[in-house]
Amino acid sequence: MQHAPLILDIAGTALTDDDRRRLSHPLVGGMILFARNWQGRAELTALCAEIHALRPDLLICVDHEGGRVQRFKSDGFTHLPPMRALGELWLRADEKQPGEGAMAAMAAATACGYVLGAELRACGVDFSFTPVLDLDHGGSGVIGDRAFARDPRVVAMLARAVAQGLLQAGMANCGKHFPGHGFVRADSHTDTPVDRRSLKAILADDAQPYRWLDGVLTAVMPAHVVYPKVDARPAGFSPRWLEDILRGRLGFDGAVFSDDLSMAGARQLEGRTLSYTEAALAALQAGCDLALLCNQSLGEGAALDELIDGLARAQVEGHWQPSEASEQRRLALLPRTPATDWDVLMTQPTYMQALWKLP
């Protein structure tokens, strides 16, 4: 059974022989780009074309949200605002005329999604891990202005508008970080955050956007956060969160990505540090369809080879079984329409109108 759950990275701006070997492996389903893979639009477009020529089904991903999380910022790429700017527009305009802020902010959010998706697709990038659905509780430095607002209703509506803009550009979306990373102060890149609220409290607040965006979200990324009143495991390693709550209670049927398995919050489970293979297996066995490992291609990339070989061995030994449903969810994230050429995009009325609507 075909199932390509691994999302990996590369070190440079062009593929090496080792990159080609890894990306050709049947367990690899995609790759994630970083700023180090960027020299300019021409080089990015050539790199994406080379990857798609190697394997047309590979999903080329990037973290490209706007604000401080935007990998490509020069050579024509629009500097998109942090998502908090959209929430502020909602509130600021509402002070003048109730309801006006909501309409203005949603129009701007749709424009953000369209510009983001159209510019990436014009260079050959298939997918961005956006929008952030975390609530801005005010104490999380790692989330901060990446969040739209504190109010889950505002977050859900603005995220819906961003998703609509992405859809107009032919790009899927990814809500993150389920069930919510905004309440905790610790950064899961370096620590294991703990949120001690009850399931009832979380579902009534931070997780509300996931319920309200049923049928809109095409992918979800869980948080590397422990919610001990629900499960001792981080959400990304928890069948309780992913199968029982996200898929069962909230009815989500799209793709589930693990967050980066190289993060400190992803390597600790039940009091011990996991290998990358153990972390990927824990994520896949918990209900993730895709396992993401970032920033391990630098040097010889031994960790990537360890992960590929380890997952292959786990399959042979019966510790992991491929999922046809997971593979179909991965394939559903690939664009279904041709991308617009960059030069053509720059003159399109829809694109120019979207630029005018950005906050």
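Our structure is the block above this text.
Residues numbered from 1 in each chain as written. Predicted model: local features only at pLDDT ≥ 70, side-chain atom pairs only at ≥ 80, totals over all residues. Heavy atoms only, no water.

Caption draft 1: Seen up close, the sheet that holds strand E8 (residues 219–222). Pairing is parallel across the open sheet formed by three strands, whose spatial order is E7-E8-E11. At either end of the open sheet lies a strand with only one pairing partner, and these are strand E7 (175–178) and strand E11 (255–256). (Pairing = 2+ DSSP bridges. Helix = DSSP H or I, 4+ residues; strand = E, 2+ residues; numbered from the N terminus.)

Caption draft 2: Molecular detail of the packing of aromatic side chains. Across all of its chains, the model carries 10 aromatic pairs by this definition. Here phenylalanine 72 and phenylalanine 77 contribute two aromatic rings whose centre-to-centre distance is 5.6 Å and whose plane-to-plane angle is 55°, an arrangement assigned as tilted. For the pair phenylalanine 72 and phenylalanine 77, one class covers both residues: buried. Seen from their ring centres, phenylalanine 127 and phenylalanine 129 are 5.3 Å apart, and the 90° between their planes marks the pair as edge-to-face. You can call phenylalanine 129 buried: its relative accessible area is 0%. One aromatic cluster is present, built from ring pairs that chain together Trp38, Phe72, Phe77 and Trp342. (Phe/Tyr/Trp six-rings, centres within 6.5 Å; stacked < 30°, edge-to-face > 60°. Buried < 20%, exposed > 50% of the residue type's maximum accessible area, 1.4 Å probe, protein only.)

Caption draft 3: Spotlight on the nonpolar core. In this structure, Leu6, Leu33, Leu44, Phe72, Val125, Phe148 and Trp241 are the most contacted members of the largest nonpolar core, which totals 102 residues. Here this core gets 12 residues from one element, more than from any other, and that element is helix H4 (residues 100–122). With residues up to four places along the chain from it excluded, the contact list for leucine 33 reads Leu44, Leu47, Cys48, Ile60, Cys61, Val62, Arg71, Phe72 and Val125. One finds Ile32, Ala172, Met221 and Phe257 within the second-largest nonpolar core, a separate group that totals 18 residues. (Core = buried A, V, L, I, M, F, W, Y, C linked by side-chain atoms within 4.5 Å. Contact = heavy atoms within 4.5 Å.)

Caption draft 4: Seen up close, the sheet that holds strand E1 (residues 6–8). Ordered in space as E6-E3-E2-E1-E14, the five strands form an open sheet in which the pairing is parallel. The open sheet terminates on both sides in strands that have one partner only, identified here as strand E6 (127–128) and strand E14 (291–292). Direction of pairing for strand E3 (residues 59–62) relative to E6: parallel, over a ladder of two bridges. From the neighbouring strand, cysteine 61 faces E6, where its bridge partner is phenylalanine 127.

Caption draft 5: Just helix H8 (residues 239–249), in detail. Along H8, the residues that are buried comprise Trp241, Leu242, Ile245, Leu246 and Arg247. Taken down its axis, H8 places every buried residue within 165° of arc, on the same side. Residues of H8 that are exposed and angled more than 90 degrees away from the buried face: Gly248 and Arg249. Just past H8, the residue glycine 251 takes up positive phi, approximately 75°. (Arc of directions from axis to C-beta.)

Caption draft 6: A look at the packing of helix H9 (residues 276–286) against helix H10 (residues 302–316). Remark: H9 packs on H10, axes separated minimally by 8 Å, with the N-to-C direction vectors making an angle of 50°. Here H9 lies oblique to H10, going by the angle between them. The element H9 and its partner H10 pack so that their crossing is right-handed. Contacts between H9 and H10 involve Tyr276, Thr277, Ala280, Leu281 and Leu284 from the former and Ala303, Glu306, Leu307, Gly310, Leu311 and Ala314 from the latter. Looking at the contact of H9 with H10, its residues break down into eight nonpolar, two polar and one charged. (Axes fitted to C-alpha atoms, helices over the stretch in contact; angles between N-to-C directions. Parallel < 35°, antiparallel > 145°, perpendicular 65-115°, else oblique. Left-handed = near helix turned anticlockwise from the far one by under 90°. Nonpolar A, V, L, I, M, F, W, Y, C, P; charged D, E, K, R; others polar.)

Spatial relationships are all this shows, so hold off on functional conclusions.
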